[in-house]
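The residues making up each chain are set out below.
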Amino acid sequence: MSHPLIEKFRHAGQAQVFAFFDRLAPAGQRQLLAEAAEIDLAEIDRLTRTLLARDAVAGVDLGGLAPAPYERRPEHGGDAVAWGHAKAAGEAALRAGRVAAFTVAGGQGTRLGYDGPKGTFRVTPVKQKSLFQVFAEKIHAAGVRYGRPVHWFIMTSHANHAATEAFFAEHQCFGLDRARVHFFRQGRMPAVSFDGKILLETTSSLALAPDGHGGSLRALERSGALDLMKSEGVDTLSYFQVDNPLVRSIDPAFIGWHVRRGSEMTSKMVPKAYAEEKVGHFCTQRGRTVVVEYSDLPMAMQRETDAGGPLRYLAGSIAIHVLDREFVRRVAAGGEGVSLPFHRADKKIPTVDAAGNDVKPAAANGVKFELFVFDALPFAKNPVIIETLRADDFSPVKNARGVDSPQTCRDDQLRQFGRWLKANGASLPTDATGLPRLALEVSPRFGYDEDSFAEAWKKLSPKPGLTDGLYLA
Ligand code: UTP
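Residues numbered from 1 in each chain as written. Predicted model: local features only at pLDDT ≥ 70, side-chain atom pairs only at ≥ 80, totals over all residues. Heavy atoms only, no water.

I'd like a description of the overall build of the protein, backed by residues and values.
Helix and strand counts for the protein stand at 14 helices and 21 strands. By the compact-globule yardstick of 23 Å for 473 residues, the protein fits well, its C-alpha radius of gyration being 24 Å. For the C-alpha atoms alone, the extent of the protein along its principal axes is close to 80 × 55 × 45 Å. The buried share of the protein, taken over its 473 residues, is 53%. Surface accessibility of the protein: about 20,900 Å² in total, with carbon and sulfur atoms responsible for 51%. (Helix = DSSP H or I, 4+ residues; strand = E, 2+ residues; numbered from the N terminus. Rg over C-alpha atoms; globule rule 2.2 N^0.38 Å. Buried < 20%, exposed > 50% of the residue type's maximum accessible area, 1.4 Å probe, protein only. Areas by Shrake-Rupley, 256 points an atom, 1.4 Å probe, with all protein chains shown as cover.)

Please provide a residue-by-residue account of the site of the ligand, values included.
Around the ligand sit 18 residues in total, of which Val-104, Gln-108, Thr-110, Gln-186 and Lys-398 are the nearest. Between Gly-109 and the ligand, the recorded distance is 3.3 Å, taken from a backbone N or O atom to an oxygen atom. Between a nitrogen atom of the ligand and a side-chain N or O atom of Gln-186, the distance comes to 2.6 Å. For the ligand, whose accessible area on its own is 570 Å², the fraction buried by protein is 88%. Taken together, the residues of the shell around the ligand sort by class into five nonpolar, nine polar and four charged. (Near = heavy atom within 4 Å. Polar contact = N/O pair within 3.5 Å; in protein donor to acceptor, adjacent residues only side chain to side chain. Nonpolar A, V, L, I, M, F, W, Y, C, P; charged D, E, K, R; others polar.)

Explain the packing of aromatic side chains to me, using residue names and the numbers behind them.
All told, the structure shown has 20 aromatic pairs when counted by the stated rule. Here Phe-18 and Phe-21 contribute two aromatic rings whose centre-to-centre distance is 5.5 Å and whose plane-to-plane angle is 75°, an arrangement assigned as edge-to-face. One exposure class covers both Phe-18 and Phe-21, and it is buried. A centroid spacing of 5.6 Å and a plane angle of 35° characterise the contact between Trp-420 and Phe-453, whose relative ring orientation is tilted. (Phe/Tyr/Trp six-rings, centres within 6.5 Å; stacked < 30°, edge-to-face > 60°.)

Break down the environment of Arg-410 for me, citing the residues and quoting the values.
Turning to its location among the elements, Arg-410 is positioned in helix α13 (residues 406-423). Its relative accessible area of 23% is what places Arg-410 among the partly exposed residues. C-alpha separation for the pair Arg-410 and Phe-282, spaced 128 residues apart in sequence, amounts to 28 Å. Beyond its immediate chain neighbours, meaning those up to four positions away, Arg-410 contacts Val-123, Thr-124 and Pro-125. (Contact = heavy atoms within 4.5 Å.)

So what's going on with the packing of helix α7 (residues 215-222) against helix α11 (residues 325-333)? Which residues, and what values?
For the pair α7 and α11, the least separation of the axes is 8 Å and the interaxial angle reads 100°. In terms of orientation, α7 lies roughly perpendicular with respect to α11. Contact with α7, carried on its side by Leu-217, Arg-218, Leu-220 and Glu-221, involves Val-328, Arg-329, Val-331 and Ala-332 of α11 and no other residues of that element. A breakdown of the residues in the contact of α7 with α11 according to their chemical character gives five nonpolar, no polar and three charged. (Axes fitted to C-alpha atoms, helices over the stretch in contact; angles between N-to-C directions. Parallel < 35°, antiparallel > 145°, perpendicular 65-115°, else oblique.)

Go over the nonpolar core, please, and point to the residues and values.
Core analysis: the biggest nonpolar cluster contains 66 residues, and Phe-9, Phe-18, Phe-102, Ile-198 and Leu-220 have the highest contact counts within it. With four residues, the top contributor of residues to this core is helix α3 (residues 41-52). Residues within four places of Leu-220 in sequence aside, it is in contact with Phe-102, Phe-184, Ala-225, Leu-226, Met-229, Leu-237 and Val-328. If you look at the next biggest cluster of nonpolar residues, it comprises 48 residues, including Ala-86, Leu-112, Ile-154 and Trp-257. (Core = buried A, V, L, I, M, F, W, Y, C linked by side-chain atoms within 4.5 Å.)

Go over the environment of Arg-73 with me, naming the residues and quoting the values.
In this fold, Arg-73 is placed in the loop between β1 (65-67) and α4 (80-95). Taking the relative accessible area as the measure of exposure, Arg-73 reaches 17% and is therefore buried. Counting along the chain gives 315 residues from Arg-73 to Thr-388, while the straight-line C-alpha distance between them is 6.9 Å.

Now, about the sheet that holds strand β15 (residues 342-347): what can you tell me, with residues and values included?
Spatially, three strands are ordered β6-β18-β15 in an open sheet, and the strand pairing comes out antiparallel. The open sheet terminates on both sides in strands that have one partner only, identified here as β6 (192-193) and β15. As judged from the two bridges shared by β6 and strand β18 (residues 366-371), these two strands associate in the antiparallel manner. From the neighbouring strand, Ser-193 faces β18, where its bridge partner is Gly-366. Across the sheet, α3 is in contact with β6, β15 and β18; its angle to β15 comes to roughly 75°. (Pairing = 2+ DSSP bridges.)

Outline helix α2 (residues 26-37), supporting the account with residue identities and numerical values.
Its 12 residues give α2 an end-to-end C-alpha distance of 16 Å, which sits within 8% of 16 Å, the value for a rise of 1.5 Å per residue. Taken as a whole, α2 has its buried residues at Gly-28, Gln-29, Leu-32, Leu-33, Glu-35 and Ala-36. All buried residues of α2 project into a common sector of 165° when viewed along the axis, lining one side. The exposed set on the far side of α2, more than 90 degrees from its buried face, consists of Pro-26, Arg-30 and Ala-37. In this structure, the buried side of α2 is in contact with α1 (4-11), β5 (188-190), β7 (200-202), β8 (205-206) and β9 (208-210). (Expected span 1.5 Å × (residues − 1). Arc of directions from axis to C-beta.)

Now, about unusual backbone geometry: what can you tell me, with residues and values included?
Backbone torsion omega between Ser-461 and Pro-462 reads -5°, so that peptide bond is classified as cis. Positive phi, close to 55°, is recorded for Cys-173, a residue that is not glycine. Turning to its location among the elements, Cys-173 is positioned in the loop between α6 (161-170) and β4 (181-185). Unusually for a residue other than glycine, Arg-286 sits at a positive phi of about 45°. Structurally, the position occupied by Arg-286 is in the loop between β12 (280-285) and β13 (288-292). Exposure remark for Arg-286: the relative accessible area of 59% places this residue in the exposed category.

I'd like a description of the pairing of β12, backed by residues and values.
Burial analysis of β12 places five of its six residues in the buried class, which makes it a mostly covered element. One ladder, built from two bridges, connects β12 with strand β14 (residues 315-324); its direction is antiparallel. Looking at β14, one finds that His-281 is bridged to Gly-316. Direction of pairing for β12 relative to β13: antiparallel, over a ladder of five bridges. When the sheet's bridge partners are listed, Thr-284 is paired in β13 with Thr-289. Between β12 and β13, which follow one another and run antiparallel, lie two residues, and Arg-286 among them has a positive phi close to 45°.

Shown next as structure tokens:
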């Protein structure tokens, strides 16, 4: 059968997309045509030439690379007065209703292997709250604390959008005002074989995958979220990932550093735990701030130390940012050299063989193209990087077992609750790592950071016993 779109694909060397077209039922034909219409063939051709060609694997440009400066925490020698000013400025921005929360939740979560949107995964130690519930309660509590309910933008994918909305509906948005919770889908890209041929997932559908967390910037624009923010007086976005319940979803000092410096993008770093830790590295390069992935930074540089002291490339990225609304708009629009590059990720991509039978590959058989949000940093005016404590901000659930798993995340939540209690005079049994030896959970509605916890704890009378476990709500 001939169709202008099929012709276009044939011309672009992508005829295999329609190899089974004539055998499909009309509904299947319509689906395949609709998906094919989404594809920017010129973009796929460009990515094939730049990212897949044999000579394209030359590696990233490391010229002029140096560690990026960052604002140290006061306890690590940073300027306590400046941190105090930052916190006050962030609180003022929150009281003025300028800040929205933004969660990227469009990932596929393949490593965790959980069936459902990752945000619905239960993570807390006692009440088994879902990731979404934890964030919702933190956002609610911050709104109460600063007297201005906080808008929450949640980016989903085509695959998990309906299930995500249904989950929130089922739980009445966890007490948040439905009118302030906004869902939108991210874009998607076709997966290709190693020679750049667009892969079919079934005979009637393309192998389409979300376009990476960096796709959030253009999705914010395309969905109308930026316009909505503008009409609501929101100019600052607190960006975090769906897999990290420890994150201070709303952190006044972080927001304040951003505001006071007139920054377009502000990021949190943690000192790397060890040289080979698999995190991106904040660096500068020819006057710009960049994040270099661990896979792109030669091991010798990852291990380099400053005069026998700490690691030279110490600043690890933990994917927590503050973004200026109009900066997002500028990056989303592209143009004038402001565009995020695609990265290739070699993956096992379910597809069909020449006879149209399903194939579940045992090894990587193709490439997905992804945008990364930290690639916006080089385009930001006055970028700022601030230090945070890992224990207060970062314990993601990535894997089913081992590092960054539900178990490590639960333990880190317990340690945080334990620290808050101890800092306020409670005594509780812990092991040498600070892990409480009792069932313990603090609802974000009670306290969602050390300040809000301390205030709530002070008011609590009588203080609860700590022998049989505790849930503070
Ligand atoms: P990850 O890099 O951990 O990817 O995403 P993932 O897809 O969730 O998990 P794996 O690699 O398949 O196991 C980090 C954050 O970025 C979001 C995820 O939802 C998570 O919050 N993300 C990632 C998106 O929103 N869209 C994407 O296309 C990719």
